[in-house]
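# Chains, contacts and geometry: an overview
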Amino acid sequence: MATTSFISPSRISVIAGHTFTQLVRMKVFYFLVIFAALLLGMQFIDMSELGAVSAVDQNIRVMKGGGFFAMNMFSVILALSATALLLPKDVEDRTLYTILCKPVPRLDYLIGKLLGVLALVAVSLLVMDGLFCVILNLRVEGIIAERSALLAQVGRPQEFIDAQAQLVRAEGVNWNMQVGVLAVFLKALVVASIALLISTFSTSTIFTIIITVVVVLIGLIQGEARDYFMTQQSLGGATPMMEVTRWIALLFPDFKLLGLEDGVISGKGISASLVGRVTLIAVLYSATYVVLSWFVFRRKEL
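Numbering of residues starts from 1 in every chain and runs along the sequence as written. In keeping with the model being predicted, local features are shown solely for residues with a pLDDT of at least 70 and side-chain atom pairs are shown and tallied solely at 80 or more, while totals for entire chains, interfaces and linings include all residues. Side-chain calculation: all heavy atoms of the structure are included, whereas hydrogens and water are not.

## What to know about the nonpolar core
- To form a nonpolar core, buried Ala, Val, Leu, Ile, Met, Phe, Trp, Tyr and Cys residues must be joined to one another through side-chain atoms within 4.5 Å. Burial classification: accessible surface area is computed with a 1.4 Å probe over protein chains only, and a residue below 20% of its type maximum counts as buried, one above 50% as exposed, and the rest as partly exposed. Core analysis: the biggest nonpolar cluster contains 72 residues, and Phe 68, Met 71, Tyr 109 and Val 190 have the highest contact counts within it.
- Every helix listed is a DSSP run of H or I at least four residues long, and every strand listed is a run of E at least two residues long, numbered separately from the N terminus. Of the residues forming this core, the biggest block, 18 residues, is contributed by helix α5 (residues 106-153).
- Any two residues whose heavy atoms approach within 4.5 Å at even a single point are treated as in contact. Those residues in contact with Phe 68 that lie beyond four places of it in its chain are Phe 132, Met 177, Gly 180, Val 181, Val 184, Glu 261, Val 264 and Ile 265.

See below:
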């Protein structure tokens, strides 16, 4: 009798490919139209007169912040909704029974489903990143043209005008922005892994979405809550909540640890070691939730 390997890359890739195709047929890419409309709208945001360098920087940073916020929002919504729909749909279509009777280990099935969702998120982020870079570059060049005209009117030399243009371009599209896009993807990875875990014992898609949203919200605020209680402890105040925050840190992901976008938006350089640490944290979070999903799913009667 032939043995079934515990984890098979070929099986996982087949399941991931089928999942990606399944999600594409569900026409989940329509949200990209909304994203493009938001980016186009942000072109018309003007914080103040363009006569000051700080105002120019502020305009570009506001647009970058809005773009990363939109990418975060759409990638998380896509990762959450796509993952929450997968298991119920496979059960309804009886695809799950067909796959697991091959036999296919349930861990392979879960990993394949997760990778299929992540492939969809990655493709979506690439499209959003491309749109974002094009529109941001148009915005930057427009600001440079207006500012150069103003400086020329007041008699500034061309060398000064060119130097100012370089400073403005440095705030625009650069490779450092791709670090922010990676951070967005890592957050979507963790959210999809959480949704996968909850969907293994959930009774409905709505329940999966609601509980995942609650977990994400806790993960977003736990860093600030922990900092607050640590400050109170350092000041000698009562800190009975410190033990609670420790348990929360064990059970829920800290999305503050994955946030690299603020540094990218403000123009700070992000070191390779920091990117590596953040990536490792996200992968460890995801691996933990996948293993927990497998423990739950392998005991589930189908």
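## Thoughts on the environment of Val 62
- Looking at the secondary structure, you find Val 62 in helix α3 (residues 53-92).
- Under the relative-accessibility criterion, Val 62 is labelled partly exposed at 26%.

## Considering the packing of aromatic side chains
- Two aromatic rings, drawn from Phe, Tyr or Trp (for Trp, its six-membered ring), form a pair once their centres lie within 6.5 Å of each other, and the interplanar angle then sorts them: stacked below 30 degrees, edge-to-face above 60, tilted otherwise. The tally for this structure, following the rule as stated, stands at 3 aromatic pairs.
- Geometrically, the ring pair formed by Phe 68 and Phe 132 is edge-to-face, given 5.7 Å between the ring centres and 85° between the ring planes. Here Phe 68, found in helix α3, pairs with Phe 132, found in helix α5; they are 64 residues apart in sequence, far enough to count as distant. Of the two residues, Phe 68 and Phe 132, both sit in the buried class.
- Consider the rings of Tyr 109 and Phe 297, whose centres lie 5.8 Å apart with planes at 15°: the pair is stacked. Of this pair, Tyr 109 sits in helix α5 while Phe 297 is found in helix α11 (residues 272-297), placing the two residues 188 residues apart along the sequence. For the residue pair Tyr 109 and Phe 297, the accessibility class agrees, reading buried in each case.
- We call a charge positioned over a ring when the NZ of a Lys or the CZ of an Arg lies within 6 Å of the ring centre and within 35 degrees of the ring normal. Its end group placed over the ring of Phe 297, Arg 106 keeps NZ or CZ at 5.3 Å from the ring centre.
- Positioned over the ring face of Phe 160 is Arg 156, at 4.8 Å from the centre of the ring.

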